[in-house]
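What follows is the residue order along each chain.
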Amino acid sequence: MVKKIGILTSGGDAPGMNAAVIGAIKAGCALNKDMYVVYDGYKGLITNNFKKVDSKFIEEKMNVGGTAIKTARLPEFKEESVRAKAVEALKNEGVEALIVIGGDGSYMGAKKLTEMGINCIGIPGTIDNDIASSDYTVGFDTALNTVVEAIDRVRETMTSHNRCGIIEIMGNHCPDLTIFAGLATNADEIFTVDHPLEDKAALYERMNKAYDEGRDSFIILVAEKLLNTKELEKDLNENTKWEARATVLGHIQRGGKPTAMERVNAFRMGAYAVSLLDEGIGGVCVGLHENKLVYTDIYDALKLERDKHLEFYKLHDLVK
């Protein structure tokens, strides 16, 4: 039976990561496990940046965004020789299992470590909601609320000046933040990888019609990496009656106090991960499906096709 369990956060930070760490630590301590945190993600494994913690560790950070145990990207972790150093460091510390909170790249590292003798459990920590094995990832709900608040604010100033606001939203090729936010804010246009801007002339026509009808603002949401929003701003200023302004929300979407549901679900996932390790299960990732905790083999999870939320686009057509 596993006695010592480590926890790390990897890749991009996400609100709720602290709650997942706290949930895992408290669950582990309740089972008389020795709990360790690894600072700076996978990099901390290589640099032996471990710390043994008790059940009170960072419990005051439940309402704080980001990750108190830091995170970092380590592309070299793909190399077996680098992972071998991590395994050696873990064994030298006596840590037998690891909880990895991060995205799909972090998951692959966790699976490879499991194959090298260190049982690992992945927890989906990313604002993008691009882990198909979980209905929602840790960080998504908070980021969505941040995006919605930002859009509402942009709408207010666009309305004051009778302008068009173009807002670029994070997602790293996953459009969930954009389409969910579009519905929540009644955006006029939503452009994502599943719903790209294919006909600019038709867009100009729709926008000019809205202007002639007396609309006092026009909001366009664009998923990041889809198109150049500054070029779109220029095109709209030259080809429509609207004065357009582009806004890139950027890293503001990553930070902020995690929402109540974010904290609850992240805590649940952390505790669930410990229970799986206690049963000797590894190489899997946990998630939520219909509000129930589930686990999936990491390789199977990474092969799953994400939900394209096609019904959301149909709903958006109703409110445009």
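A brief report on the enclosed structure follows.

About the cut-offs
Residues numbered from 1 in each chain as written. Predicted model: local features only at pLDDT ≥ 70, side-chain atom pairs only at ≥ 80, totals over all residues. Heavy atoms only, no water. Disulfide = S-S within 2.5 Å. Buried < 20%, exposed > 50% of the residue type's maximum accessible area, 1.4 Å probe, protein only. Helix = DSSP H or I, 4+ residues; strand = E, 2+ residues; numbered from the N terminus. Arc of directions from axis to C-beta. Contact = heavy atoms within 4.5 Å. Polar contact = N/O pair within 3.5 Å; in protein donor to acceptor, adjacent residues only side chain to side chain. Patch = residues over 30% accessible without salt bridge, like charges linked within 9 Å, V, L, I, M, F, W, Y side chains within 5 Å. Areas by Shrake-Rupley, 256 points an atom, 1.4 Å probe, with all protein chains shown as cover. Salt bridge = Lys/Arg side-chain N within 4 Å of Asp/Glu carboxyl O. Lys, Arg positive; Asp, Glu negative; His and termini not counted. Charge placed at Lys NZ, Arg CZ, Asp CG, Glu CD. Pairing = 2+ DSSP bridges. Axes fitted to C-alpha atoms, helices over the stretch in contact; angles between N-to-C directions.

What follows is about the state of the cysteines. Counting across every chain of the model gives zero disulfides. Cysteine Cys29 is unpaired, with the sulfur of Cys120 as its nearest cysteine sulfur at 19 Å. Distance from the sulfur of Cys285, which forms no disulfide, to the nearest cysteine sulfur (Cys120) is 12 Å. Given a relative accessible area of 1%, Cys285 falls into the buried group.

A few words now on helix H8 (residues 229-239). What H8 keeps buried is the set Thr229, Leu232, Glu233, Asp235 and Leu236. Taken around the axis of H8, the buried residues stretch over an arc of 165 degrees, which confines them to a single face. Projecting away from the buried face of H8 at angles above 90 degrees are the exposed residues Lys230, Glu231 and Glu238. Where H8 is buried, its residues contact strand E6 (163-169), helix H7 (200-212), strand E8 (218-223) and strand E9 (243-248). In this structure Asn228 caps H8, since a side-chain oxygen of it lies 2.9 Å from the backbone nitrogen of Lys230.

Moving on to a negative patch on the surface. Taken together, Asp135, Glu290, Asp307 and Glu311 make up a surface patch of like negative charges. With respect to the helices and strands, the residue Glu290 is situated in the loop between strand E10 (284-289) and strand E11 (292-297).

Right, let's talk about the sheet that holds E8 for a bit. With parallel pairing, four strands are arranged side by side in an open sheet as E7-E8-E6-E9. This sheet does not close on itself; its edge strands, each paired only once, are strand E7 (189-191) and E9. With direction set aside, neighbouring strand axes in the sheet form an average angle of 15 degrees. Relative to E8, E6 runs parallel, the two being bridged by six bridges.

This part covers the environment of Asn186. Among the secondary structure elements, Asn186 is positioned in the loop between helix H6 (176-185) and E7. A C-alpha to C-alpha distance of 35 Å links Asn186 and Thr71, two positions 115 residues apart in sequence.

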